[in-house]
Amino acid sequence: MTGSLPDVGALIAAIPGPSLYIGPNERVLALNDGARDLLGHYGLGQHYITALRQPDVLDVVEQTFQDGKPRVTRYLGTIGRRDATWQVTAAPAMLSSGRGILLSFEDVTAVEEAGQMRRDFVANVSHELRTPLTALLGFVETLKGAAKDDPVARDRFLTIMEREAGRMSRLVEDLLSLSRVEEGERVRPTDPLALSDLVADVAEFYRPLAQAAGLELRVKLPEAPVTIPGDACQVRQILNNLLENAIKYGRGGGRVDVSLTGPLAEGALRSDGVRLVVRDHGEGIASHHIARLTERFYRVDAHRSREVGGTGLGLAIVKHIVNRHRGRLRIESAPGQGSRFTVILPAR
């Protein structure tokens with residue numbers, strides 16, 4: 001790179017990402033608007049130690065000044081109110097006044113977050129599978145040894161093994177379902193779906209389960225049939241997950257309410273929409289849990305969730321299906337007042 005200092009300033013300003021030039025005198029001689037926003041101060045004319053501050057970045061600048069070799073490191077900053085990670089490239093730049101350093105910043109926050117999500121996902125799946133697998137292996141060993149000739153113990157252990165195997169099977173099914181939903185999330189459904197008929201059908205399926213749990217299942221549907229664009233199988237999954245949760249965690253509340261409204265103007269959608277509401281009158285959920293309920297494997301009460309057969313993926317699946325339908329999911333709950341799950345779907 002050759003030229004005068006004003007030329008350098010014009011070139012730095014034209015670079016789309018945050019960039020700055022440190023001159024041979026080790027001071028910041030040019031930087032663009034992105035670099036000013038990132039560093040949080042003006043920086044022009046300051047020594048690079050004062051302007052950059054983070055040790056990892058200072059080290060690569062110092063080493064590049066010494067041997068003239070390009071280097072890469074990370075810079076930790078913020079975008080708005082969230083933490084962000086930037087990949088910083090320090091490259092030597094020769095001017096007529098001597099050799100300086102060009103620093104360029106690339107936002108890799110999404111890549112870092114995706115990597116962390118992948119690591120968390122693998123860790124969670126491993127944790128969810130480890131417990132039933134350990135139980136199965138332990139019972140198999142017992143049945144081959146001490147309980148081999150004990151019919152009572154054998155029947156009891158086989159029942160537990162069946163339950164644990166079923167838990168693993170449900171987990172695998174939910175993982176596959178979540179994968180399929182995410183794969184097609186950008187493709188909006190267009191087929192007509194008779195939603196009122198589907199709600200009535202699913203409610204009748206769950207009525208015996210609700211009665212067995214000591215709950216009355218109340219269904220309120222509009223008089224006129226409701227038809228929307230939607231994927232019947234996926235909307236059925238929404239109903240299955242919400243009703244299963246309402247029955248499992250609404251025990252002692254007396255009833256579960258399911259309601260559907262006809263098309264009405266929905267500000268959240270900026271168009272007409274329908275509301276599908278599933279409400280229980282059970283223990284309710286503390287407010288600090290609500291924002292995380294749709295995270296994969298997040299549980300308010302992990303032990304109780306596993307006891308009733310939950311995989312921790314149901315509401316994550318619901319969220320992705322609602323997103324695919326360009327809808328909204330609202331969750332309202334308070335301890336002792338039950339929970340209300342509202343799904344708002346476009347009517348056309």
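Bear in mind the structure is a predicted one, so any value in this text is a computation, not a measurement.

Rules behind the numbers
Residues numbered from 1 in each chain as written. Predicted model: local features only at pLDDT ≥ 70, side-chain atom pairs only at ≥ 80, totals over all residues. Heavy atoms only, no water. Helix = DSSP H or I, 4+ residues; strand = E, 2+ residues; numbered from the N terminus. Buried < 20%, exposed > 50% of the residue type's maximum accessible area, 1.4 Å probe, protein only. Contact = heavy atoms within 4.5 Å. Lys, Arg positive; Asp, Glu negative; His and termini not counted. Charge placed at Lys NZ, Arg CZ, Asp CG, Glu CD. Expected span 1.5 Å × (residues − 1). Polar contact = N/O pair within 3.5 Å; in protein donor to acceptor, adjacent residues only side chain to side chain. Bend = angle between axes of the 7 residues up to and from the residue.

Peer 1: Help me get a handle on the overall build of the protein, residues and values and all.
Peer 2: From N to C terminus, the protein includes 11 helices and 13 strands. By its C-alpha atoms, the protein is 85 × 65 × 35 Å across when sized along the principal axes. Scored against the burial criterion, the 348 residues of the protein give a buried share of 41%. The contacts in the protein between residues at least 6 apart in sequence include a share of 58% that link residues at least 24 apart. Distance from the positive charge centre (44 side chains) to the negative charge centre (43 side chains) of the protein: 1 Å.

Peer 1: Before we move on, can you summarise helix 8 (residues 232-249) with the specific residues and values?
Peer 2: Here helix 8 spans 26 Å end to end across 18 residues, near enough to the 26 Å set by a 1.5 Å rise per residue. Within helix 8, burial applies to Gln-234, Val-235, Ile-238, Leu-239, Asn-241, Leu-242, Leu-243, Ala-246, Ile-247 and Lys-248. Capping the start of helix 8, Asp-231 holds a side-chain oxygen 3.1 Å from the backbone nitrogen of Cys-233, two or three residues further along.

Peer 1: I'd like to hear about helix 5 (residues 109-144), residue by residue, with values.
Peer 2: Every α-helix carries 3.6 residues per turn, so stepping three or four residues along brings you back to the same face. Between its first and last C-alpha, helix 5 extends 52 Å over 36 residues, near the 52 Å set by a 1.5 Å rise per residue. Along its length, helix 5 shows its largest kink, about 25°, at Arg-130, and proline Pro-132 lies within four residues downstream of that point. Within the span of helix 5, buried status applies to Thr-109, Gly-115, Val-125, Glu-128, Pro-132, Leu-136, Phe-139 and Leu-143.

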